[in-house]
Amino acid sequence: MHSFRSIKTLPILLPVLLTVSCTVGPDFEAPSAPKDTDSATAPMQATLRNSGDEGLKQSFDATVGISRTWWTVFKSEDLNALIRRALENSPTLSQAKARLVQAQEAVAAQYGTTYYPAIDAQLGASRQQIDPAAYGMPDVPTPGPFNLFNASVTVSYTLDFFGTNRRELEALRAQVDYRQFELEAAKLTLAANLVTAAIQQASLNAQLNDLYFLIDAQKEKSAIMETRYAAGAISERELNEQAKTLARTQAMLPPLQKQREQINYLIAVYLGSTPGQTDIPSFDLNRLCLPEKLPERLSSEIARQRPDIRAAEALWHQACANVGVATANLYPNLTLSGSMGTQRTNTGNILNNMNVWSIGANLMQPIFHGGQLQAQKRSAVAAYDEAEANYRQTVLLGLQEVANVLQAIESDTQSLRAYSNATDQSVKNVHIAELQFAAGGISRIELLDAHCDSLSQDLERIIAVAATYANTAALLQALGGGWWNTEENKDTE
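A quick note: this is a predicted structure, and the numbers were derived from the prediction, not measured. (Residues numbered from 1 in each chain as written. Predicted model: local features only at pLDDT ≥ 70, side-chain atom pairs only at ≥ 80, totals over all residues. Heavy atoms only, no water.)

Observations concerning the overall build of the protein
Okay, so step 1: Within the protein, the secondary structure is distributed over twelve helices and six strands.
Okay, so step 2: Contacts in the protein between residues at least 24 apart in sequence constitute 84% of all its contacts with a sequence separation of at least 6.
Okay, so step 3: When the accessible area of the protein is evaluated, it comes to approximately 26500 Å², of which 53% is carbon and sulfur surface. (Helix = DSSP H or I, 4+ residues; strand = E, 2+ residues; numbered from the N terminus. Contact = heavy atoms within 4.5 Å. Areas by Shrake-Rupley, 256 points an atom, 1.4 Å probe, with all protein chains shown as cover.)

As structure tokens, then:
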């Protein structure tokens with residue numbers, strides 16, 4: 001009975017035993033954020049000076065937040081609905097969620113091993129026969145076969161004096177953090193890909209619409225020129241030049257139509273659907289809203305907000321904990337165990353009902369493993385160095401991505417201004433040509449030329465507008481997409 005009480009008090013003594021133990025290996029400290037410099041925000045300031053096109057004004061504001069549902073800034077219900085469907089049905093996200101659950105359950109399993117003893121119950125039955133002569137009792141009659149029944153409870157626990165189990169638990173928790181940030185990065189990438197695809201589709205729709213009008217205008221011009229050629233007013237060379245222009249314009253249609261279909265197939269895959277087997281809305285570039293205020297962030301903020309950087313930090317933390325595991329394996333460990341049970345037989349003698357118990361301790365100290373344990377520690381240290389370098393590289397690449405997007409915004413803003421000015425001038429020319437045609441000052445062909453020039457110019461403006469929308473989405477993605485913000489409906493404007 002005294003031994004059984006000792007076994008029952010083992011779980012109570014474990015926290016006390018752990019408090020007097022130590023945890024070997026380095027303790028992980030979160031890396032400091034990169035220092036902010038004036039050059040980090042220079043592209044934002046330059047863009048602020050260069051922006052200002054009517055209807056597409058944008059500026060940077062450090063007080064503007066980023067919503068977790070950052071794509072709502074484009075104010076398209078069709079786009080919002082698509083992303084909701086994708087977040088629910090994407091196989092990529094399902095994989096990331098399953099990996100997160102695996103990591104969480106691994107932590108739960110290790111937690112039980114670290115802080116609680118293992119308690120097992122065992123039941124057994126066997127048919128046996130004893131030969132007294134084998135025990136030095138030849139004169140004792142040999143009893144007949146009998147049934148032996150065993151019932152026992154075993155308790156064991158390895159004292160974590162040097163922190164092996166706790167370091168393993170720390171490593172698994174870091175793995176959970178990594179999987180969580182990996183999931184957030186997958187959500188961010190999926191949403192950004194859908195926004196970009198919707199913008200591309202809207203751009204292609206607008207380009208095709210202009211192209212249809214351009215082809216109609218050129219067909220009308222070709223018909224007029226054929227009539228004039230028949231009357232001898234123009235040469236065959238002029239007629240052939242117009243036919244060539246029309247053919248080249250018509251040749252632009254199939255590639256754009258193919259791109260639009262491929263974009264729709266891509267959107268379907270993002271939604272977790274078979275290409276061509278789901279309804280994809282048709283997006284209108286003019287119905288997408290470009291946010292006037294863009295979030296401005298410093299380098300230190302970006303490093304804490306991008307999920308890929310936080311994931312790299314979690315891997316670094318895991319590598320640090322693994323160094324502790326490899327170090328602790330060099331030290332001894334002590335395992336306590338105890339059991340109690342009963343044996344019963346059907347012989348009707350002294351063995352009929354016998355209680356048994358045991359309690360013991362096992363100390364294991366590595367002495368010689370052929371250099372294995374030291375090599376494992378050196379390997380863990382090298383893995384730590386690799387994880388640190390990977391974190392630094394991820395930070396640099398993240399800051400580079402933000403800088404690239406800012407530079408693209410600045411460059412494309414200037415291009416958009418130039419294309420918009422050119423389109424405005426061509427629209428004015430069309431208006432003047434219409435007045436002149438109405439007054440009989442120019443021919444129908446000259447009016448059609450003005451329309452064709454305006455449509456051709458608008459095709460370039462559409463591409464520039466789409467680039468501006470895409471750059472805005474890319475910036476919000478590069479800044480982390482607001483995964484840390486739990487207010488789902490908060491708008492960034």
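So, the side chain of glutamine 201
Okay, so step 1: For glutamine 201, the location among the structural elements is in helix 6 (residues 164–230).
Okay, so step 2: What makes glutamine 201 buried here is its relative accessible area of 2%.
Okay, so step 3: Among the polar contacts listed, one links the side chain of glutamine 201 to the backbone nitrogen of phenylalanine 283, at a separation of 2.7 Å. (Buried < 20%, exposed > 50% of the residue type's maximum accessible area, 1.4 Å probe, protein only. Polar contact = N/O pair within 3.5 Å; in protein donor to acceptor, adjacent residues only side chain to side chain.)

Quick word on unusual backbone geometry
Okay, so step 1: Phi angles above zero are rare outside glycine, and lysine 75 is one such case at about 55°.
Okay, so step 2: Residue placement: lysine 75 occurs in the loop between strand 1 (59–61) and helix 4 (77–89).
Okay, so step 3: Residue lysine 75 is classed as partly exposed on the basis of its relative accessible area of 47%.

Remarks on the packing of aromatic side chains
Okay, so step 1: Summed over the entire model, instances satisfying the criterion amount to ten aromatic pairs.
Okay, so step 2: Measuring from centroid to centroid gives 5.8 Å for tryptophan 70 and tryptophan 71, while their planes differ by 75°, and the two rings are edge-to-face. Exposure class is identical for tryptophan 70 and tryptophan 71. Each is buried.
Okay, so step 3: Seen from their ring centres, tryptophan 316 and tyrosine 391 are 5.4 Å apart, and the 40° between their planes marks the pair as tilted. You can see tryptophan 316 sitting in helix 10 (residues 307–328) and its partner tyrosine 391 sitting in helix 11 (residues 372–438), a full 75 residues away along the chain. A single burial state applies to tryptophan 316 and to tyrosine 391, both of which are buried.
Okay, so step 4: Site record: aromatic cluster; members linked through ring pairs are Phe28, Trp316, Tyr384 and Tyr391. (Phe/Tyr/Trp six-rings, centres within 6.5 Å; stacked < 30°, edge-to-face > 60°.)

Digging into the confidence of the model for the protein
Okay, so step 1: For the protein, the mean per-residue pLDDT works out to 86, and 88% of the residues sit at or above 70.
Okay, so step 2: Across residues 1–12 the pLDDT falls below 50, and counting only partners more than four positions away or on other chains, this stretch makes eleven contacts in the model.
Okay, so step 3: Between residues 488–493, whose pLDDT stays under 50, and residues either more than four places distant or in other chains, the model counts 20 contacts. (pLDDT = per-residue confidence, 0-100.)

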